[in-house]
Structures are given as structure tokens and as C-alpha cells.
Amino acid sequence: MSDLSSDNDKLVQALLQERDELFQELSRLRKIDNGTLDTLEAQNQKLSSEVVQKDQEIKKLTDQLAWFRHKFFSKSSEKFIKEDPNQRKLDFDGIDALPQEKIAIEKAEMELIEYERRKVVREKKSAVRLPLPEHLRREIEVIEPEDLRANWVRIGIEATEILEFKPGELYVRRIERPKYAVKPIAAQAQDQSEQEEAPAVRIAPMPLLPLPRSNAGASLLAELLMNKYFYHLPFHRQIAMLKMVDVKLPASTVNGWFQGGSDLLRALYLRLKDLVLESDYIQVDESTIPVVDNEKHKATKAYLWMVRSVMNNLVFFHYDKGSRAQKVVVDLLKHFQGAVQTDGYQAYSIYEQKKGVLLLGCWAHARRKFTESFLEDKNGAEYALAQIAKLYQVEQMANDESMTYEQRSELRKRLAYPIMRGFEKWIVAYHPKAIPGGRMSKALSYTYNLFERLSRYHLDGRYLPDNNLAENAIRPLAVGRKGFLFCGNHESAENAAIMYSLLGCCKACDVNPREWLTDVFSKIALYNNNYELDLADLLPHNWKLSNKCQNFPKDSN
């Protein structure tokens with residue numbers, strides 16, 4: 001035993017001596033190279049960090065390139081269908097669910113599967129050409145065969161109807177008011193001093209015109225505004241179209257008509273704003289509109305806020321010097337009480353603490369985040385999109401069975417809520433496995449941070465799972481930007497908000513904007529001068545009920 005310990009001591013001594021010799025040799029070499037080795041090690045560490053940084057930058061640019069390719073060259077639909085129809089796993093990467101929760105989730109999924117199996121599939125009807133409307137004027141053109149002879153007997157007609165187009169017609173409305181001189185009548189028994197002095201010349205009063213001291217009629221104003229803010233034709237194109245029919249209008253004149261028409265409709269726009277904010281369920285969104293900054297001599301990015309009353313089908317746009325700050329929406333909704341549905345913009349988070357306001361989220365925005373992460377993490381994105389699709393499957397089930405709001409709410413609590421609970425726990429479990437800073441990580445963080453808002457739509461059958469109606473209302477603004485490019489100043493942007501609001505209501509209520517604008521321009525002056533009349537009678541949803549405005553005086557012009 002003593003021999004073994006002595007051998008170990010010798011081995012240790014030899015190793016220590018060898019280590020000392022190596023250290024001395026390394027020190028000698030470092031003195032010889034004058035610190036070259038340390039310099040190379042520092043350079044190596046620096047280059048390694050640069051490589052890591054460049055790899056991250058390359059990954060970021062690659063992800064951006066893939067996103068832009070998908071955005072502009074791939075399908076834009078967010079509808080997701082799994083490649084494997086049998087892949088309906090509940091425990092993808094392990095959901096930490098309680099047994100009771102797991103049973104509820106499985107029951108919800110099984111009920112959805114059973115519903116899909118027993119749902120009647122409607123057969124697609126073959127496409128047929130619809131007949132041309134009967135109310136259109138027919139111009140009959142008879143084509144007789146050549147060399148028609150007297151012994152030929154007509155046995156029928158083969159008719160072919162072709163739809164033709166005639167450009168709109170401009171005409172002059174000439175108002176003639178005959179003037180009458182009053183002849184003196186023979187002296188009556190009454191005392192002349194008691195008689196009121198009558199005018200010597202009588203003439204009918206001038207009817208109310210939209211713009212005093214202007215030769216623009218209601219129908220022309222309606223056509224110009226509808227073409228710009230409903231069909232997105234800038235004024236300079238409309239002026240060019242009128243020039244083709246030998247009607248030359250200066251741009252300054254048309255712009256003056258637009259300003260005057262906006263001033264006429266401003267009170268109606270404010271009445272619309274009051275009605276929307278009096279409802280108890282609204283959707284809010286915002287979008288950009290370029291506005292020229294005269295100090296910077298260029299167009300700057302400004303914002304229009306959109307508020308939509310879901311139940312009343314009314315919408316209005318709000319412009320506050322182009323600001324997107326939180327103070328704008330706080331001032332806009334300071335008296336609102338009810339449910340507010342928005343996207344994930346941080347400015348809306350203040351309403352989580354406001355009494356009487358329930359903040360709802362948008363599942364379409366969450367789904368979009370997972371769709372964008374599909375190329376980065378296919379398995380995770382597939383599972384997330386499948387869970388969101390189940391929520392919309394519940395909505396489709398309620399729509400197919402024409403459920404009431406109360407029945408829809410109960411269905412959501414029974415089927416959608418357990419699925420959302422399981423999806424939330426999957427997000428918590430899967431987040432550490434996602435690439436830090438990647439699209440999947442951002443999608444998980446976005447959805448988890450807003451999950452309380454996203455899951456509240458089950459509380460009331462009136463609430464929608466997404467904010468798509470608000471985005472649809474903003475779409476005309478995005479299309480218009482490509483047509484007229486920018487607004488000349490803040491006042492022009494405010495006028496645009498008025499037009500987009502009123503014409504957006506026409507679209508939402510399925511009202512002909514040409515007929516509505518023409519009728520409103522012919523009556524709005526009387527409403528603006530008589531405060532006993534309610535401007536709400538002129539709004540599209542009321543106007544649709546009856547073209548005659550309620551409480552409109554019968555003896556007025």
C-alpha cells in the first residue's frame with residue numbers, strides 16, 4: 001500500500017513539473033512574439049461576434065424577404081386547411097390541462113366533428129346568365145332579311161338583348177319666376193289707413209339651393225363627391241371627363257364646391273358621430289392618410305380614426321391634425337360606455353382600467369401573426385391556426401342554425417371557451433421553444449398579451465370574434481390614397497373624413513349614394529336653418545326607410 005502511494009506522489013510531482021515547464025515555455029514565446037498571440041485571440045473573438053451579428057442580420061433580412069414574397073406574390077387569404085385531415089391532436093407538445101379541462105376540450109372538439117359530419121352540403125348551382133333588368137329602356141332595332149318578298153309570312157321573332165351604355169348627361173336647370181305687377185283695386189269701404197301696404201310686384205320665392213351664389217346643382221355636387229370618395233376618382237380626372245363633353249370647369253371652382261358641400265354636411269356628420277358613440281358596442285381602428293405639410297413642403301403621414309357602431313351599422317371617421325396619440329382616442333371616447341373592440345395598438349390599453357368599458361380583441365390579427373410565422377415554424381403555426389379555425393367553426397355553426405344572441409353566447413361558452421383555455425396553455429408551454437425574436441415568438445407574445453381581450457367575445461352573443469368589419473370600413477380610404485395620393489392640408493383631411501363617414505354609412509346600409517346625396521343636398525339647407533328638425537332623419541339608415549324625411553314640412557320647398 002505504501003509503494004502505491006509513493007508512485008502516486010511521484011506521478012503528481014512529474015505532472016506539476018511538466019505543467020511548470022509548459023507555462024514557462026508559453027511565457028517565453030509570448031515575450032518573443034511581443035503580444036501577437038493576445039492580439040490574434042482578441043481579433044478572433046471580435047470576428048466571432050461579428051459573424052454572429054451578421055448571421056442574425058441575414059436571418060432578419062431573409063425573414064423580411066420571405067414575408068414580402070408572401071405578401072405580394074402568394075395568396076392573400078388567411079384561411080388555413082391542414083394537409084393531414086386526421087391530424088386533430090389535442091396534446092401538441094403537451095398541454096398542461098387539468099383532467100376536467102381536458103374532458104371539456106375533447107367534448108367540444110367531438111361536437112364540432114359531429115356537426116361537420118351531419119351538416120348538409122349544398123350543391124353548387126351551375127352558372128346561368130341572368131336576364132337584363134326590365135326597367136331599362138329598350139331601343140328596338142329590326143333587321144329584315146335581304147330580298148324580302150310579298151309571299152313570305154312572318155312566323156315569329158328571334159330576339160337578342162344586348163346591354164349598351166350611354167354616358168351621363170349634363171343639363172341646365174333653368175328656374176324661371178314670372179313677375180306680376182299688382183293693379184290697383186277700386187276703393188273699398190275699409191279705411192285705407194287700416195290696410196297694409198301690399199307690394200306692387202309679386203314674384204315666387206327662390207327655392208333653397210345647396211350653395212348660394214353658385215350654379216352647381218344638388219345632383220352635380222352629389223356626382224362629384226360620390227365619384228371621388230366612393231369610386232376614388234380624383235377631381236382632376238373628373239374635370240378631364242367633363243371636358244370631353246365640352247363642359248370646362250376650373251379646378252378652383254370644383255374645389256370651392258367641395259369645400260361648400262363639406263360645410264353643408266358638417267352638422268350631419270356631427271349628428272352621426274353622436275349616434276355612433278351613444279351605442280354600447282363599437283369597433284375602433286386607424287389608418288394613414290398623407291397630408292401636405294406646408295412648413296416641410298412635403299406630404300407627411302397622418303392618421304384617420306374610424307369608429308363603427310356594429311349593431312346600428314353606422315361608421316364615422318375622425319381626424320385630429322393627423323395625430324395617432326393616445327390622447328386622441330381618450331378625448332374621442334371620453335363619454336362612451338360599453339364594449340370597444342380594437343387591434344393590439346397600445347393606445348387602447350388604457351381602457352382596461354376604465355369603469356364601464358369592456359375591451360375586446362381581434363382574432364383575425366392574432367391569426368395573421370401565426371400565418372406570417374408559417375415558413376419559420378410550420379408545426380407550431382399549423383397547430384395555432386387549427387385552434388383558431390375551430391373558434392370560427394363554432395361561429396359558422398351558430399350562423400348555419402340562425403341562433404339568437406343568447407343561444408350564440410351559450411354555444412361559445414360550451415364549445416369555444418374550452419378550446420381557448422387549452423390554446424392559452426399551449427402558448428405558455430410552447431413559447432420557450434420558439435426562436436427568440438422570431439416571427440413565431442412574436443406571434444405567441446402578441447396573442448398571450450391580449451388573450452384576455454381575445455377571449456371576452458363569448459360573454460355576449462352580439463360581440464364578434466374579430467375586427468374585420470372595421471377593416472372593411474377602412475378599405476375605401478386605402479383605395480382612395482392610390483387615387484388622389486394626398487390631402488392638401490388639415491382642413492382638406494377633415495373634409496375627407498366627413499365624406500368617408502357619410503358614404504361609408506351608405507355602403508353599410510346598402511343605400512344608393514347618388515340618390516341619397518342628391519336628396520340630402522336639396523334638403524340640408526332647411527335642416528341647418530331649422531333646429532326643430534332632427535338631422536338624424538337624413539342619415540342613410542333612416543333615409544332608407546322612407547325617402548321622405550320624417551317631420552319634414554309639407555309646405556316647404
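Residues numbered from 1 in each chain as written. Predicted model: local features only at pLDDT ≥ 70, side-chain atom pairs only at ≥ 80, totals over all residues. Heavy atoms only, no water.

K.L.:
Any chance you could explain the packing of helix 14 (residues 490-508) against helix 15 (residues 513-529) here in plain terms?
P.N.:
Axis angle and axis distance: for two packed helices, these are the angle between their axes and the distance between the axes, and together they describe the pair. Packing of helix 14 against helix 15 brings their axes to within 10 Å, and their N-to-C directions diverge by 130°. By the angle between their axes, helix 14 is oblique relative to helix 15. You can see that helix 14 and helix 15 cross each other, and the crossing is right-handed. Between helix 14 and helix 15, the contacting residues are Leu 502, Leu 503 and Cys 506 on the first element and Pro 513, Trp 516 and Leu 517 on the second. The residue inventory of the contact of helix 14 with helix 15, partitioned by class, reads six nonpolar, no polar and no charged. (Axes fitted to C-alpha atoms, helices over the stretch in contact; angles between N-to-C directions. Helix = DSSP H or I, 4+ residues; strand = E, 2+ residues; numbered from the N terminus. Parallel < 35°, antiparallel > 145°, perpendicular 65-115°, else oblique. Left-handed = near helix turned anticlockwise from the far one by under 90°. Contact = heavy atoms within 4.5 Å. Nonpolar A, V, L, I, M, F, W, Y, C, P; charged D, E, K, R; others polar.)

K.L.:
Can you walk me through unusual backbone geometry in this structure?
P.N.:
Working note: non-glycine residues mostly have negative phi, and peptide bonds are mostly trans. Phi angles above zero are rare outside glycine, and Asp 147 is one such case at about 55°. Note that Asp 147 resides in the loop between helix 3 (99-118) and strand 1 (179-181). Within the chain, Asp 510 stands out as a residue other than glycine whose phi angle is a positive 60°. What makes Asp 510 exposed here is its relative accessible area of 63%. (Buried < 20%, exposed > 50% of the residue type's maximum accessible area, 1.4 Å probe, protein only.)

K.L.:
Quick question: what am I supposed to make of the pattern of salt bridges here?
P.N.:
Two side chains carrying opposite charge are able to pair once their charged atoms lie near each other. What the rule picks out here adds up to 19 salt bridges. In this structure, Arg 154 and Glu 144 form a salt bridge, with 3.3 Å as the shortest nitrogen-oxygen distance. In this pair, Arg 154 is assigned in the loop between helix 3 and strand 1 and Glu 144 in the loop between helix 3 and strand 1, connecting sequence segments 10 residues apart. Put simply, Glu 352, Glu 452, Arg 453 and Arg 456 are held in one network by salt bridges that share partners. (Salt bridge = Lys/Arg side-chain N within 4 Å of Asp/Glu carboxyl O.)

K.L.:
Where do I start with the sheet that holds strand 5 (residues 314-318) in this structure?
P.N.:
Judged by pairing direction, the sheet is mixed, and its five strands sit side by side in the order 5-4-3-6-7 without closing on themselves. Two strands close off the open sheet at either side, each with one partner strand: strand 5 and strand 7 (357-360). Between one strand axis and the next, the sheet turns through 30° on average, direction left out of account. Bridging between strand 6 (residues 338-341) and strand 7 involves four bridges; their strand directions are parallel. Its bridge partner lying in strand 7, Val 340 is registered against Leu 359. Along the sheet, helix 6 (residues 251-278) makes contact with strand 3 (281-293), strand 4 (298-309) and strand 5, crossing strand 5 at roughly 115°. (Pairing = 2+ DSSP bridges.)

K.L.:
Looking at this model, I keep getting lost on the environment of Pro 199. Mind explaining?
P.N.:
Relative to the helices and strands, Pro 199 is located in the loop between strand 1 and strand 2 (201-203). Note: C-alpha distance between Pro 199 and Ala 181 (18 residues apart in sequence) is 8.7 Å.

K.L.:
Would you explain the packing of aromatic side chains in this entry?
P.N.:
One pair of aromatic rings is described through two measures. These are the centre distance and the angle between the planes. Within this structure, the stated rule accounts for 16 aromatic pairs. Ring centres of Trp 363 and Phe 423 lie 6.1 Å apart, and the angle between their planes is 35°; this geometry places the pair in the tilted category. In this pair, Trp 363 sits in helix 8 (residues 363-372) while Phe 423 sits in helix 10 (residues 405-430), placing the two residues 60 residues apart along the sequence. Using a relative accessible area of 2% as the deciding quantity, one classes Phe 423 as buried. Centre to centre, the rings of Phe 423 and Phe 451 are 6.3 Å apart; their planes meet at 55°, and the pair counts as tilted. Taken together, the positions of Phe 423 in helix 10 and Phe 451 in helix 12 (residues 451-455) put the pair 28 residues apart, joining distant regions of the chain. Of the two residues examined, Phe 423 and Phe 451, each falls in the buried class. Cluster of aromatic residues (ring-pair linked, three or more members): Trp 363, Phe 370, Tyr 383, Phe 423, Trp 426, Tyr 430 and Phe 451. (Phe/Tyr/Trp six-rings, centres within 6.5 Å; stacked < 30°, edge-to-face > 60°.)

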